[in-house]
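Summary of the model geometry
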Amino acid sequence: MMFARTLSPASTRPHAPSRARGLAFSIAPEIAKPAGLTLALLLGQPVASLAADLSCNGLIEPGQTMICSGFEPNWALKLGCNGEMSAQFIDAFSGDGIETTPGSISFATQNPWQLETSHPVTGSIAYTPGSCTDESDRVSDFTFTPTGAPGLEAPFFPFCCRVE
């Protein structure tokens, strides 16, 4: 009878399943904690670095543009992200037509983004979620405060930037 009990399947042996299950349940949480932490750290790292690689100065993503348009006088700064940031100065206050001048841009800080273009336009862009309303009552998440622009004199007033 003893021989038959030893050779019987584990499910028919008394206490065998509970001991095995108890061992598995007592070891599993201890193994899962470091493994889960390691897995989270490994998976989180590429995602964070990928997100950083996909934006231009942490402001806009590749393929996007940000347009910061002033009112009275009418001028705008158009920022583009195509691998690196570029800037266009759009002048609607001098002459009969609208002139667009391409140029470069550099940032001294991020959030707020203190910038200077080759035009030269200087100022800062701040992230202001839903708190910038332009003259057409459109709400934007970014506010541009210029400190200098070609052909314009202070005082400068903040205006909204939209992302397209």
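Here we summarise the structure given alongside this text. (Residues numbered from 1 in each chain as written. Predicted model: local features only at pLDDT ≥ 70, side-chain atom pairs only at ≥ 80, totals over all residues. Heavy atoms only, no water.)

**Brief notes about the environment of serine 86**
Along the chain, serine 86 turns up in strand S3 (residues 85-91). Between the alpha carbons of serine 86 and isoleucine 105 there is a distance of 5.8 Å; along the sequence they are 19 residues apart. Not counting the four nearest positions on each side in its chain, serine 86 is found in contact with Lys78, Leu79, Gly80, Gly103 and Ile105. (Helix = DSSP H or I, 4+ residues; strand = E, 2+ residues; numbered from the N terminus. Contact = heavy atoms within 4.5 Å.)

**As for the sheet that holds strand S1 (residues 65-69)**
Strand order across the open sheet formed by 9 strands is S4-S3-S2-S1-S9-S8-S7-S6-S5, with antiparallel pairing between neighbours. On the outer flanks of this sheet lie strand S4 (99-103) and strand S5 (105-107), each paired with one strand and no other. Recorded for the sheet is a direction-independent mean angle of 30 degrees between the axes of neighbouring strands. (Pairing = 2+ DSSP bridges. Axes fitted to C-alpha atoms, helices over the stretch in contact; angles between N-to-C directions.)

**Quick notes on the pairing of S1**
Counting buried positions along S1 gives 4 out of 5 residues, so the element sits mostly inside the fold. One ladder, built from 5 bridges, connects S1 with strand S2 (residues 75-81); its direction is antiparallel. Residue serine 69 lies in a different strand from S2, and its bridge partner there is alanine 76. Where S1 and strand S9 (residues 159-163) come together, 3 bridges link them in antiparallel fashion. (Buried < 20%, exposed > 50% of the residue type's maximum accessible area, 1.4 Å probe, protein only.)

**Comments concerning the state of the cysteines**
Within the structure shown, the criterion is met by 3 disulfides. Between cysteine 56 and cysteine 81 runs a disulfide, and the two sulfur atoms are separated by 2.0 Å. Looking down the S-S bond of the cysteine 56 and cysteine 81 bridge, the torsion is 75 degrees, so its handedness is right-handed. Of the two residues, cysteine 56 is situated in the loop between helix H2 (16-53) and S1 and cysteine 81 in strand S2; the sequence distance between them amounts to 25 residues. You can call cysteine 56 buried: its relative accessible area is 5%. (Disulfide = S-S within 2.5 Å.)

**Notes on the pattern of salt bridges**
Counted under the stated rule, the structure contains 2 salt bridges. For arginine 138, the salt bridge identified is with aspartate 134, shortest N-O distance 3.4 Å. On the basis of relative accessible area, arginine 138 is assigned to the partly exposed category, the value being 40%. Measuring nitrogen to oxygen at the nearest pair gives 2.9 Å for the salt bridge that ties glutamate 164 to arginine 162. With relative accessibility at 48%, the residue glutamate 164 sits in the partly exposed group. Assessed through its relative accessible area of 24%, arginine 162 is described here as partly exposed. (Salt bridge = Lys/Arg side-chain N within 4 Å of Asp/Glu carboxyl O.)

**Observations concerning the side chain of aspartate 134**
Along the chain, the position of aspartate 134 falls in the loop between strand S7 (122-133) and strand S8 (139-148). Polar contacts involving the side chain of aspartate 134 include one to the side chain of serine 136, which spans 2.9 Å. (Polar contact = N/O pair within 3.5 Å; in protein donor to acceptor, adjacent residues only side chain to side chain.)

**Some details on the nonpolar core**
Counting residues in each nonpolar core, the largest one holds 24 residues, and the members touching the most others are Leu59, Met66, Trp75, Leu79, Met85, Ile125 and Phe144. Those elements that provide at least two residues to this core are S1, S2, S3, S5, strand S6 (113-117), S8 and S9. Looking at which element gives the most residues to this core, the answer is S2, with 4 residues. The contacts of methionine 66, once residues within four sequence positions are left out, are Leu59, Ile60, Leu77, Lys78, Leu79, Ile125, Phe142, Cys161, Arg162 and Val163. (Core = buried A, V, L, I, M, F, W, Y, C linked by side-chain atoms within 4.5 Å.)

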